[in-house]
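Structural characterization, general
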Number of protein chains: 2
Amino acid sequence: MKRDSRLSSVLHALLHMAEQDGPVTSDILAQCLGTNPVVVRRTMGYLRDAGIVGSDRGHAGGWRIHADLGSVTLRQLHEALGEPAMFAIGNRNEMPECLVEQSVNAALEGAFEEAESLLLKRFSEITLADLAADFARRHAAERSRRS
Amino acid sequence: MKRDSRLSSVLHALLHMAEQDGPVTSDILAQCLGTNPVVVRRTMGYLRDAGIVGSDRGHAGGWRIHADLGSVTLRQLHEALGEPAMFAIGNRNEMPECLVEQSVNAALEGAFEEAESLLLKRFSEITLADLAADFARRHAAERSRRS
DNA sequence: TTTCATGTAACTAACAATGTTACATAACAG
DNA sequence: CTGTTATGTAACATTGTTAGTTACATGAAA
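Right, let's walk through the structure included here. No experiment lies behind these values; they were computed from the predicted model shown.

Brief notes about the relation of the copies chain B and chain A
Under the fitted operation, chain B is carried onto chain A by 0.0 Å of movement along the axis and a turn of 180 degrees, and the coordinates agree to an RMSD of 0.0 Å. Such a turn and shift between the copies fits a two-fold axis. Both copies contact each other with a shared surface, as 100% of the interface residues of chain B are interface residues in chain A too.

Let's talk about the packing of aromatic side chains
Applying the stated criterion across every chain, the model contains five aromatic pairs over all chains. Ring centres of Phe112 of chain A and Phe123 of chain B lie 6.0 Å apart, and the angle between their planes is 90 degrees; this geometry places the pair in the edge-to-face category. Linking Phe112 of chain A in helix H5 (residues 99-125) with Phe123 of chain B in helix H5 (residues 99-125), this pair reaches from one chain into another. Accessibility assignment for this pair places Phe112 of chain A and Phe123 of chain B in one class, buried. Through a chain of ring-to-ring contacts, the aromatic side chains of Phe87, Phe112 and Phe123 of chain A together with Phe87, Phe112 and Phe123 of chain B assemble into a single cluster. The ring of Tyr46 of chain B has Arg6 of chain B sitting right over it, with the charged end atom 5.4 Å from the ring centre.

Regarding the environment of Gln20 of chain A
Looking at the secondary structure, you find Gln20 of chain A in the loop between helix H1 (6-19) and helix H2 (26-33). For the pair Gln20 of chain A and Arg64 of chain A, spaced 44 residues apart in the sequence, the C-alpha separation amounts to 9.4 Å.

Digging into the packing of H1 of chain A against H5 of chain B
With their axes 9 Å apart at the nearest point, H1 of chain A and H5 of chain B run at an angle of 135 degrees to one another. Taken together, the axes of H1 of chain A and H5 of chain B are oblique relative to one another. The way H1 of chain A lies across H5 of chain B gives a crossing that is right-handed. Seen from H1 of chain A, the contacting residues are Leu7, Ser8, Leu11, His12, Leu15 and His16 of chain A; seen from H5 of chain B, they are Val100, Glu101, Val104, Asn105 and Leu108 of chain B.

Description of the interface of chain B and chain A
If you look at the interface, chain B gives 53 residues, while chain A gives 53 residues. Together chain B and chain A conceal approximately 4900 Å² of surface at their shared face, both sides included; 67% is due to carbon and sulfur atoms. The tally of links between chain B and chain A comes to two salt bridges. Across the pair Glu114 of chain A and Arg122 of chain B runs a salt bridge whose closest N-O atoms are separated by 2.8 Å. Inspection of the region where chain B meets chain A yields 22 residue pairs in polar contact (both at pLDDT 80 or more). Here the side of chain B that touches chain A takes 18 residues from H5 of chain B, the largest share from any one element.

Section: the protein's contact with DNA strand C
The full set close to DNA strand C counts 29 residues, and Arg41 and Arg48 of chain A together with Ser5, Thr35 and Arg57 of chain B are the nearest of them. At a separation of 2.7 Å, a phosphate oxygen of DNA strand C approaches a polar backbone atom of Ser26 of chain A. At 2.4 Å from a phosphate oxygen of DNA strand C is found a side-chain nitrogen or oxygen belonging to Arg48 of chain A. Where the surface near DNA strand C is concerned, the elements lending two or more residues are helix H3 (37-49), strand E1 (53-56) and strand E2 (62-65) of chain A together with helix H3 (37-49) of chain B. If one sorts the elements of the surface near DNA strand C by residue count, H3 of chain A sits on top with four residues. A per-class count over the surface near DNA strand C returns five nonpolar, eleven polar and 13 charged.

Remarks on H3 of chain B
Residues and elements named next belong to chain B. Taking 1.5 Å of rise per residue, the 13 residues of H3 would be expected to cover 18 Å, and the 18 Å separating its terminal C-alpha atoms lies within 8% of that figure. Buried residues of H3: Val40, Thr43, Met44, Gly45 and Leu47, and no others. Looking at the buried side of H3, the elements it contacts are helix H1 (6-19), helix H2 (26-33), strand E1 (53-56), strand E2 (62-65) and helix H4 (74-80). In the stretch just after H3, Gly51 is the one whose phi turns positive, near 80 degrees.

Things to note about unusual backbone geometry
Most peptide bonds take the trans form, and the phi angle of most residues other than glycine is negative. Residues and elements named next belong to chain A. Within the chain, Ala60 stands out as a residue other than glycine whose phi angle is a positive 60 degrees. For Ala60, the position within the fold is in the loop between E1 and E2. Ala60 sits in the exposed class, given a relative accessible area of 71%.

A closer look at the state of the cysteines
Applying the stated criterion across every chain, the model contains zero disulfides over all chains. You can see Cys32 of chain B has no disulfide; the closest cysteine sulfur is in Cys98 of chain A, sitting 6.9 Å from it. A residue is classified by how much of its surface remains accessible, and Cys32 of chain B, at 31% relative accessible area, is partly exposed.

Overview of the protein's contact with DNA strand D
In the neighbourhood of DNA strand D, 29 residues make up the surrounding shell, with Ser5 and Arg57 of chain A together with Lys2, Arg41 and Arg48 of chain B lying closest. When atoms of DNA strand D within 4 Å of the protein are split into backbone and base, the sugar-phosphate part holds 61%. One of the side-chain N or O atoms of Arg41 of chain B is found 3.1 Å from a phosphate oxygen in DNA strand D. Elements with a minimum of two residues in the surface near DNA strand D: H3 of chain A together with H3, E1 and E2 of chain B.

Here is what the cut-offs are and how they apply
- Residue positions are counted from 1 within each chain, in the order its sequence is given.
- All chains are assigned letters beginning with A, and all ligands numbers beginning with 1, in the order in which they are written.
- It should be noted that, the model being predicted, local features are given only for residues of pLDDT at least 70 and side-chain atom pairs only at 80 or more, the latter also being counted only at that level, while totals for whole chains, interfaces and linings use all residues.
- Calculated side-chain values reflect all of the structure's heavy atoms, with hydrogen atoms and water omitted.
- Here the copies were fitted onto each other by least squares, based on C-alpha atoms from residues at pLDDT of at least 70 in both.
- The contact criterion used throughout is that any non-hydrogen atoms of two residues lie within 4.5 Å.
- Here the aromatic set is Phe, Tyr and Trp, taking the six-membered ring for Trp, and pairing holds for ring centres within 6.5 Å; pairs whose planes are under 30 degrees apart are stacked, those over 60 apart are edge-to-face, and all others are tilted.
- By the criteria applied, helices consist of DSSP H or I runs no shorter than four residues and strands consist of E runs no shorter than two, each listed in order from the N terminus.
- When a residue's accessible area, from a 1.4 Å probe over protein chains only, is under 20% of the maximum for its type it is buried; when over 50% it is exposed; and in between it is partly exposed.
- Two conditions define a charge located above a ring, namely a distance within 6 Å from the ring centre to NZ of Lys or CZ of Arg, and an angle within 35 degrees of the ring normal.
- Note on geometry: axes are lines fitted to C-alpha atoms, helical ones only across the stretch in contact, with angles between N-to-C directions running from 0 to 180 degrees.
- Roughly parallel covers angles under 35 degrees, roughly antiparallel covers those over 145, roughly perpendicular covers 65 to 115, and oblique covers all other angles.
- Left-handed is the label given to a crossing in which the near helix is rotated counterclockwise from the far helix by less than a right angle, and right-handed is the label when the rotation is clockwise.
- By buried area we mean how much accessible surface two parts lose on assembly, using a 1.4 Å probe and totalling the loss over both.
- Salt bridge, as applied in this entry: a Lys or Arg side-chain nitrogen positioned within 4 Å of an Asp or Glu carboxyl oxygen.
- Nitrogen and oxygen atoms within 3.5 Å of one another constitute a polar contact, given that in protein one can donate a hydrogen and the other can accept it, and given that sequence-neighbouring residues count only through two side-chain atoms.
- Think of it this way: one heavy atom of a residue within 4 Å of a molecule or strand is enough to make that residue near it.
- In this classification, the charged set is Asp, Glu, Lys and Arg, the nonpolar set is Ala, Val, Leu, Ile, Met, Phe, Trp, Tyr, Cys and Pro, and all remaining amino acids, among them Gly, are polar.
- Between the first and last residue of a helix there are one fewer steps than residues, each counted as 1.5 Å, and that sum is the expected span.
- Two cysteine sulfur atoms form a disulfide, by the criterion used here, when they sit within 2.5 Å.

Keep in mind these numbers describe shape, not what the thing actually does.
Below you can see the structure in the form of structure tokens.
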């Protein structure tokens, strides 16, 4: 199944932006992500609509983070992206008449809802600041490894 | 995203088979599932390879359950289907060089692995007998509702 | 007024799940 | 042994989704 990688993409982009002083253009972000500037605009547009980032046109334009890194959680980003489906496995038929299928659906839905709750809970516990700190650790380790 | 509904399908099929005395043909199961007998054979084939069901050709042939309903868990069925990916959300890039992306991947993978563990745990706690019992409850409720 | 940037529509490509067609193979009834 | 009923499976079509691409409009600033 083709997985939705937009959450991963925006996190990657946001952390690169956090490393920069000024705004970062879609072109630069596209290079970082290994994709196309239009895809960046399309995806980052969701975050703009949610007020998490801002974009400016023209000279010295680009994308800027509009919020404190410590106040943005993965859950907020997931919501900003429209809360896409988490699971690649699902019921064959929602709302079936067949009682057998209703039992099957109920069992699977119970398990999936529980897992989704856990995921959302974890997402709400992780902020951009946490990721930035993890990156700083990796960066320091890389430097000491090379010396 | 297009979800994999094979687990839901085989559960539905197995419960219908459990309701019958003799073997059930792919044609009958296809009607129950609202699909094609070839799809049934293809999907049930995984369960046959895992020894959970058996199939016989010719007259009075069809599919039969080869195990006790109480001993078959959703997890076994998931494994028999080849342990397909559970999540529709994923990293943009596995094994990235970029340290930023490594931090992002690590955070997301941690959350997803935790959720997957929970799901597998729940799957291993639910047997076909549990689903059959739930179906019996629904069936009884339906009958009393109609009277 | 030129350049640099985003905004967005429309189209293409890639891929995976499911559906379909066609035919081979096996079991059994008569 | 032959016809019928069933599975086994390869090959192809359909559908749906994500991501990539092209093209052009719009706005801001040098």
